[in-house]
Amino acid sequence: MLSVNSQKSQKWALIAIALFYLALVLVIPALVVVVEAFRDGIGGFLAALQSRNFQKATELTLIATAITIPLNTLFGLCAAWVIARNRFPGRALLISIIDVPFSISPVVAGLMLVLLYGERIGWLGPLFASMGIKVIFALPGIVLATIFVTLPFVAREVIPVLEDLGPEPEEAARTLGANDWQTFYRVILPNIRWGLIYGVLLTNARALGEFGAVAVVSGSILGRTSTLPIFVEQSYQNYQSVAAFSAALVLAGFGVLMLIGKAILENYYLKKLPSH
Amino acid sequence: MGIVVENISKRFGHFQALDQVDLVVPDGKLVALLGPSGSGKSTLLRAIAGLESPDQGKIWINGQEMTHLNVQERQIGFVFQHYALFKHLTVRQNIAFGLEIRKVKGAEVRRRVNELLDLIQLQGLGDRYPAQLSGGQRQRVALARALAVQPQVLLLDEPFGALDAQVRKDLRRWLRDLHHQVNLTSVFVTHDQEEAMEVADEIVIMNEGRIEQVGTPQAVYDNPATPFVMKFVGEVNILPSGLHRTHAQMGSSVFIRPHAIKIQSQPTATSLAATITHVVYRGWGVHVELMLSDRIPLTAQLDRQEWEFLGVDTGETVQVELQEAIAFADGQQQSGNPPLLFR
């Protein structure tokens, strides 16, 4: 038996270790970003935000993210429903295929897209080029790479929730006269919302921050095809550390906004459903 | 009118869940589909509801053919074993669900929901969530939700299966009374024969995807159509036909209900010797487990007074008189006194 005192000191020791670890890997690096961004004062930070290359990079990142989230949410929901509600040959294979982006290095994923859509060398590239569509070293390639690396998130989060829910509430809704859309909107969606929100958050975070795959397909042309994470790296390589850390701070800001959005949603639902 | 099922078959892979089933559920009746698991009773119910599409056959509800209609177009009420309540909605919202789908006006929805809350005796609990209710309360909410849309028929899949014994008993009595009030054609699935006996006007006994017998509770107990029904409904002793000389064909068996066995101390011309192996007291009755001389087990049921009057106990040898035995030959039932069968 441990004495109450030694139990107490053990407790404090554990808390101290956790806090130290957190400070080392999370708090201090985040602080560095803020400090470095404001090294030349507010003026330096604002000047960095007004650079054309920074604004172009932000625009590209936001566009790629805005296209990726709805597409992967839709795909993720469909895939999750098909997998959770049906037993068919090849089901296990489908689950593994959805996970492929997790197991392939993003750089390899980017290279794959170049080999497929490259203007001269790619399998499909010449076809698109003949239609006047430039995929690689352009926005379509960036979007494709972002979609690829974030594909599994929504499906992965929603499948277990749907399986846990079971088919009966859906069947009950249909016996009560609900059509497919009403069943989805009134019964499935409210029950899977946490998994779905979490999947979308992860998709968003990864889409904003993706470096490797996008760097390969975009060609990283400053001011034209560089996205925010690439801009950060390029600025730093060019000894423009204020610009690099200012962009990093903006990137982190988007992430924080998303978390605030999630908290607001949570609060809204908690008020609506006091018992949950 | 009512429900008509014609020549329905359904296969899941290699498993024949329903095999050319025909059934008529008369208008306003409460009918039980009774059978062991895998007998096809749930599949039949789900096929009537439209939750399962049969490989062949036709289904009519109140004279209208439903075979190719979607679930949502069939106007049925369905109650699931595990309630399937919408856990993100309150009791009121659950009951109102079907009415809102049908775009019924707000005031009318409130009136109907209040009416149904009265009917299921949960007036004060309308604003609770399903998680805050007991199993029996949840199942009553599920029933109210199904009744709210004024369905043409009510279908219940093992509605009491997930409840404790006592709640189950109360609820099935309540369902029977409710059925008398609303008089809606209803079909419920159960594997519990006591439940079927107590609640249903008619029992449909199923086995291996086929219907073995349809009849009132009394009819299926007193006049079982097949050996399966005899074994499945009520307790029964199964004796080989070779026991003594018998008119029943070789290979077939003779069935005797436990209450048709009389225990006595003195031998008669038709009695057999048996040893008492175990005695089980079941409230007003006594179950006596016996062993016949040729190591054939036998269970007899006596009432308490009869047993005490006999004054015998485990290990003692007594005489048993087999009354009212039933034998099946070529699928035909022959019943009679054992002297006829065992001579």
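This is a predicted model, so every value here is computed, not measured.

Trainee: Provide a residue-level description of the sheet that holds strand β5 (residues 64-65) of chain B, including the pertinent values.
Mentor: Across a sheet, strands are paired by hydrogen bonds formed along the backbone, either parallel or antiparallel in direction. Residues and elements named next belong to chain B. Across the sheet, four strands lie side by side as β2-β1-β4-β5; this open sheet has antiparallel pairing. Among the strands making up the open sheet, the edge pair consists of β2 (15-25) and β5. Pairing of strand β4 (residues 56-61) with β5 involves two bridges; the strand directions are antiparallel. Each residue of the ladder has a partner; that of I61, found in β5, is Q64.

Trainee: I'd like to hear about the packing of aromatic side chains, residue by residue, with values.
Mentor: For any pair of aromatic rings, geometry is given as the distance between the ring centres together with the angle between the planes. Using the criterion set out here, one finds 10 aromatic pairs over all chains in the structure. Measuring from ring centre to ring centre gives 6.4 Å for Y236 of chain A and F245 of chain A, while their planes differ by 85 degrees; the resulting arrangement is edge-to-face. Taking the centre distance of 4.5 Å and the plane angle of 45 degrees together, the rings of F86 of chain B and F97 of chain B count as tilted. Highlighted residues: F86 of chain B in the loop between β6 (76-79) and α2 (91-101) and F97 of chain B in helix α2, separated in sequence by 11 residues. Through a chain of ring-to-ring contacts, three or more aromatic side chains come together here, namely W181, F184 and Y185 of chain A. One cation-aromatic arrangement involves R186 of chain A over F97 of chain B; the distance from NZ or CZ to the ring centre is 5.9 Å. When the ring centre of Y221 of chain B is taken as origin, the NZ or CZ atom of R257 of chain B, which lies over that ring, is 4.1 Å away.

Trainee: Break down helix α3 (residues 106-119) of chain B for me, citing the residues and quoting the values.
Mentor: Residues and elements named next belong to chain B. Between the first and last C-alpha of α3 there are 20 Å, a value that for 14 residues agrees with the 20 Å anticipated at 1.5 Å per step. Burial in α3 covers these residues: V109, R112, V113, L116 and L117. On an axial view of α3, the arc spanned by its buried residues comes to 135 degrees, and they lie on one face. Relative to its buried face, α3 has exposed residues pointing more than 90 degrees away, namely A107 and R110. Considering only its buried residues, α3 is in contact with α2 and α4 (135-148).

Trainee: Go over the sheet that holds strand β7 (residues 153-157) of chain B with me, naming the residues and quoting the values.
Mentor: Residues and elements named next belong to chain B. Pairing is mixed in the open sheet, where six strands are placed in the order β6-β7-β8-β3-β9-β10. The sheet is open, and its two borders are formed by β6 and β10 (210-215), each paired with just one other strand. In this sheet, neighbouring strand axes are inclined to one another by 20 degrees on average, regardless of whether the strands run parallel or antiparallel. Summarising the sheet, strand β3 (residues 30-34) and strand β8 (residues 186-190) pair through five bridges and their orientation is parallel. Each residue of the ladder has a partner; that of V31, found in β8, is V187. Contacts between α4 and the sheet are confined to β6 and β7, with β6 contributing the most and set at about 170 degrees to the helix.

Trainee: Tell me about the interface of chain B and chain A, residues and numbers included.
Mentor: Taken residue by residue, the interface counts 23 residues in chain B and 22 residues in chain A. Area buried by chain B at its contact with chain A is led by Q72, H88 and I101 of chain B, which between them contribute 29% of it. Where chain B packs against chain A, one counts two salt bridges. Where E100 of chain B meets R186 of chain A, a salt bridge forms, and the shortest distance between an N and an O atom there is 3.8 Å.

Trainee: An account of the domain arrangement of chain A is requested, with residue identities and associated values reported.
Mentor: All names here are of chain A. One can read the domain layout of chain A as domain 1 (1-37) and domain 2 (51-272). For domain 1 and domain 2, the distance between their C-alpha centroids amounts to 33 Å. The interface of domain 1 with domain 2 comprises four residues on the first partner and six residues on the second. Of the roughly 450 Å² buried at the junction of domain 1 and domain 2 (both faces included), carbon and sulfur atoms supply 77%. For the interface between domain 1 and domain 2, the tally reads zero salt bridges.

Trainee: Give me the lowdown on the pattern of salt bridges, citing residues and values where you can.
Mentor: All told, the structure shown has 25 salt bridges over all chains when counted by the stated rule. In this structure, E170 of chain A engages R85 of chain A in a salt bridge whose closest nitrogen and oxygen atoms are separated by 2.8 Å. In this pair, E170 of chain A is assigned in helix α9 (residues 168-175) and R85 of chain A in helix α3 (residues 52-85), connecting sequence segments 85 residues apart. The residues E170 of chain A and R85 of chain A share a single accessibility class, namely buried. Within this structure, R168, R172, R173, D192, E194, E195 and E198 of chain B form a network of salt bridges that share partners.

Trainee: Tell me what's going on with the pairing of β8 of chain B, and back it up with residues and numbers.
Mentor: Regular strands show a simple pattern: their side chains alternate between the two faces of the sheet. All names here are of chain B. The buried count for β8 comes to five of five residues, which makes it a mostly enclosed element. What you see with β8 is no split at all: S186, F188 and T190 on one side and V187 and V189 on the other are buried throughout. For β7 and β8, the ladder comprises four bridges, and the chain directions are parallel. Along β8, the bridge assignment pairs L156 with F188. Traced from β7 through helix α5 (residues 165-182) to β8, the parallel crossover comes out right-handed.

The rules we used
- Residue positions are counted from 1 within each chain, in the order its sequence is given.
- The lettering of chains begins at A and the numbering of ligands begins at 1, in the order of writing.
- The model is predicted, so local features are restricted to residues of pLDDT at least 70 and side-chain atom pairs to those at 80 or more, both for listing and for counting; the totals for chains, interfaces and linings are taken over all residues.
- Excluding hydrogens and water, the side-chain figures rest on all heavy atoms present in the structure.
- Should DSSP find at least two bridges between two strands, the strands are regarded as paired.
- Labels follow the DSSP assignment, with helices taken as runs of H or I lasting at least four residues and strands as runs of E lasting at least two, numbered in each case from the N terminus.
- Pairing of aromatic side chains here covers Phe, Tyr and the six-membered ring of Trp, requires ring centres within 6.5 Å, and sorts the geometry by plane angle: under 30 degrees stacked, over 60 edge-to-face, intermediate tilted.
- Working rule: Lys NZ or Arg CZ, within 6 Å of ring centre, within 35 degrees of ring normal, means a charge sits over the ring.
- In this analysis, the expected span of each helix is defined as 1.5 Å times one less than the number of residues it contains.
- Residue burial is assigned from relative accessible area. The probe radius is 1.4 Å, only protein chains are included, and a residue is buried under 20% of its type maximum, exposed over 50%, and partly exposed in between.
- What the arc covers is the set of directions going from the helix axis to the C-beta atoms.
- By the convention used here, residues are in contact when the closest approach between their heavy atoms is within 4.5 Å.
- Axis definition: a line fitted to C-alpha atoms, over the contacting stretch in the case of helices. Angles run 0 to 180 degrees between N-to-C directions.
- Values labelled buried area give the accessible surface lost by two parts on being combined, using a 1.4 Å probe and summing over both.
- Salt bridges are counted wherever a side-chain nitrogen of Lys or Arg sits within 4 Å of a carboxyl oxygen of Asp or Glu.
- What counts as a domain boundary in this text is fixed by an automatic or database domain assignment.
- A clockwise course of the path from the first strand over the helix to the second, judged with the strands pointing away from the viewer, identifies a crossover as right-handed.

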